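# Coordinate analysis (summary)
Listed below, chain by chain, are the residues.
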Amino acid sequence: MTDVPDISRILTLVFTDLADSTALKTQRGDQAIGELIARHRGHVQRLAAEAGGRVVSWAGDGGFLIFETPSAAVLFALRLQQVHADEPDLPGVRTGIHMGEVNERRGSGGDVEGLAVDLAARISGLARPAQVLMSSSVADSARPRLDRNAFSRPIRWCAHGSYDLKGFDEALEIREAGIEGVA
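Basis of the calculations
Residues numbered from 1 in each chain as written. Predicted model: local features only at pLDDT ≥ 70, side-chain atom pairs only at ≥ 80, totals over all residues. Heavy atoms only, no water. pLDDT = per-residue confidence, 0-100. Helix = DSSP H or I, 4+ residues; strand = E, 2+ residues; numbered from the N terminus. Expected span 1.5 Å × (residues − 1). Buried < 20%, exposed > 50% of the residue type's maximum accessible area, 1.4 Å probe, protein only. Arc of directions from axis to C-beta. Pairing = 2+ DSSP bridges.

### Overview of the confidence of the model for the protein
As a note on interpretation, predicted positions should not be read in detail where pLDDT is low. Overall, the prediction assigns the protein a mean pLDDT of 90, with 93% of residues at 70 or greater. Model confidence for the protein, summarised as mean pLDDT per element, is weakest for helix α1 (residues 21-28) at 70 and strongest for strand β6 (residues 132-135) at 98.

This is the structure we're talking about:
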C-alpha cells in the first residue's frame, strides 16, 4: 500500500463540549445522558454538514470539527447554540474556534494535526456554557461575512482581551459571538 502524503492547508478548527455532562451523568445516569449526547451529536453532524464542515473526531460528549472558512464555522457554532437554547433539556454547549495551518493526514481517515488544533482546544476550554469563543483572526474574518439577519435576533460580538494559554509563548486575543438573548 502506498503512503498518501499529508496535505498542509489552512482550516478553521472547532471544538464543542457539553457543559456539566459529568455531573449530569452522576445525577441521572449514563443511559439518560447518553440519549442527550446522541441527540447533541445528531445536531452537530446535521449543522456541520449544512455549513460545509466535517466532524473529525468525537471524545465523549465533545467533538472536533473542521471548516473551510471562519464564517462557516461561526455560523455552525451559533446555530448549535440556538438549537441547545430551543431544547432546554439539552445542556449548554461550549465552543472554541481557531484558524491556522494544519496537516491533514489523508491515509488515516482524515486526521488533522498541528499547533492550531491545540490552540482551538485551549480556546474551547475557556468557554462557559452557551459561549462561542474564538481567536481574533476568526472573528475578524467571520464578522463581516455573517448576515446580521441570519437569526431572528442580532448577533452580538465582544472582545475578552488577551489570554495566556498553557503551552504557548504569546497571549492570544479572544473574542465572542452570540445570539442576543441566547448567549
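And the narrative resumes.
### Section: helix α2 (residues 30-50)
For α2, built from 21 residues, the straight-helix expectation of 30 Å at 1.5 Å per residue is met to within 8% by its first-to-last C-alpha distance of 30 Å. Among all positions of α2, only I33, L36, I37, H40, H43, V44, L47 and A48 are buried. Buried positions in α2, seen along its axis, are confined to an arc of 125° and lie on one side of it. Facing away from the buried side of α2, by more than 90 degrees, are the exposed residues Q31, E35 and A49. G52 sits one or two residues past α2 and shows a positive phi near 80°.

### Regarding the pairing of strand β8 (residues 172-179)
Most of β8 sits inside the fold, with 6 of its 8 residues counted as buried. With 4 bridges connecting them, β6 and β8 associate as antiparallel partners. From the neighbouring strand, M134 faces β8, where its bridge partner is R175.

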